[in-house]
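Listed below are the residues making up each chain.
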Amino acid sequence: MSVPSATPSVPSGPSLPELPVTFRPTVTRTVLLSVGTVMFLVISAIGLALEQLSAGERLSFILTALLFFGVLALLSRPKVVADDTGVTVVNLTRTRRLEWAEILRVNLRPGDPWVFLDLSDGSSLPALGIQPGMAKERAIRDARALRDLAESRSAQE
């Protein structure tokens with residue numbers, strides 16, 4: 001027989017994540033960094049194992065492997081960080097800080113490669129940190145959480 005909980009009931013409505021919260025495509029990130037590490041090690045090992053190569057040629061193998069790893073690391077960079085004052089969207093090469101009031105809507109429609117934020121200046125900002133590629137259910141949960149945060153925070157301001 002279970003004993004009833006002494007904690008008060010939680011009001012019905014969206015449960016907001018505790019801030020600060022970071023949304024990122026963890027599975028995609030893990031795959032990209034793992035593949036990048038393996039590629040770096042294999043290409044470097046091949047370059048060092050081939051005895052007929054000069055030192056410069058061996059170095060070019062290692063630099064090529066480092067370039068491949070760098071590109072995959074760049075692709076694993078996207079994230080969305082929400083805190084009390086707003087949202088920081090980190091995409092491949094750019095980072096943008098938004099106040100909560102600037103975010104009008106969080107969109108993740110069927111077929112979208114990632115979340116889009118409709119902004120108060122009339123533009124739309126892709127947020128690559130929430131993408132349904134390898135983890136669709138998690139991306140949907142993260143998009144809903146960000147939408148609920150944006151709605152609740154915009155109402156407070």
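Sequence order as written defines the numbering, with residues in each chain counted from 1. Totals for whole chains, interfaces and linings use every residue, but because this is a predicted model, local features are given only for residues with pLDDT of at least 70 and side-chain atom pairs only at 80 or more, for both listing and counting. No hydrogens and no water enter the side-chain calculation; it runs on all heavy atoms of the structure.

(A) Region of the structure containing helix α1 (residues 26–49). The secondary structure listing takes helices from DSSP runs of H or I that are at least 4 residues long and strands from runs of E that are at least 2 residues long, numbered from the N terminus. Here, expected helix span is obtained from the residue count minus one, scaled by 1.5 Å. Given a rise of 1.5 Å per residue, 24 residues ought to cover 34 Å, and the 34 Å separating the end C-alpha atoms of α1 matches this to within 8%. Any pair of residues with heavy atoms lying within 4.5 Å of one another is described as a contacting pair. For α1, the secondary structure elements touched by its buried residues are α2 (55–75).

(B) Region of interest: the pattern of salt bridges. In what follows, salt bridge is the name for a side-chain nitrogen of Lys or Arg lying within 4 Å of a carboxyl oxygen of Asp or Glu. Scanning all chains against the criterion turns up seven salt bridges. Of the charged contacts in the structure, one is a salt bridge between Asp-83 and Arg-97, with a shortest N-O distance of 2.9 Å. One end of the pair, Asp-83, is in the loop between β2 (79–82) and β3 (86–90); the other, Arg-97, is in strand β4 (residues 95–99), and 14 residues separate them in sequence. A relative accessible area of 34% places Arg-97 in the partly exposed class. Only protein chains enter the accessibility calculation, which uses a 1.4 Å probe; a residue whose area is less than 20% of its type maximum is buried, one above 50% is exposed, and one in between is partly exposed.

(C) Representation of the environment of Thr-95. Of note, Thr-95 is situated in strand β4. For the pair formed by Thr-95 and Lys-79, sequence separation is 16 residues and the distance between their alpha carbons is 9.5 Å. Those residues within four positions of Thr-95 in sequence are excluded, and the remaining contacts are Arg-77, Thr-88, Val-89 and Val-90. A polar contact of 3.4 Å, which involves the side chain of Thr-95, links it to the side chain of Arg-77. Throughout this description, a polar contact denotes any pair of N or O atoms lying within 3.5 Å of each other; where both atoms belong to protein, one of them has to be capable of donating a hydrogen while the other can accept it, and for residues adjacent in sequence the pair is counted only when both atoms sit in side chains.

(D) Representation of the packing of α1 against α2. Interhelical geometry of α1 versus α2 gives an angle of 175 degrees and a closest axis separation of 8 Å. In terms of their interaxial angle, α1 and α2 are classed as roughly antiparallel. Of α2, the residues touching α1 (which contributes Leu-32, Leu-33, Val-35, Gly-36, Thr-37, Met-39, Phe-40, Ile-43, Ser-44, Ile-46, Gly-47 and Leu-48) are Arg-58, Phe-61, Ile-62, Ala-65, Leu-66, Phe-68, Phe-69, Leu-72, Ala-73 and Leu-75. Classes in brief: Ala, Val, Leu, Ile, Met, Phe, Trp, Tyr, Cys and Pro nonpolar; Asp, Glu, Lys and Arg charged; the others, Gly included, polar. In terms of residue class, the contact of α1 with α2 is built from 17 nonpolar, four polar and one charged. Lines fitted to C-alpha atoms define the axes, with helix axes restricted to the stretch in contact, and inter-axis angles between N-to-C directions lie between 0 and 180 degrees. Angle categories are assigned with fixed cut-offs, so that under 35 degrees is roughly parallel, over 145 is roughly antiparallel, 65 to 115 is roughly perpendicular, and the rest are oblique.

(E) Looking closely at the sheet that holds strand β6 (residues 115–119). Across the sheet, three strands lie side by side as β5-β6-β7; this open sheet has antiparallel pairing. Looking along the sheet, the strands with just one partner apiece sit at the ends: β5 (103–107) and β7 (124–127). Each adjacent strand pair in this sheet contributes to an overall mean axis angle of 25 degrees, direction not counted. Bridge count between β5 and β6: four bridges; the pairing is antiparallel. Paired with Arg-105 across the two strands is Asp-118, which belongs to β6. Strand pairing is assigned whenever DSSP identifies at least 2 bridges connecting the two strands.

Any link to function would need more than the numbers given here.
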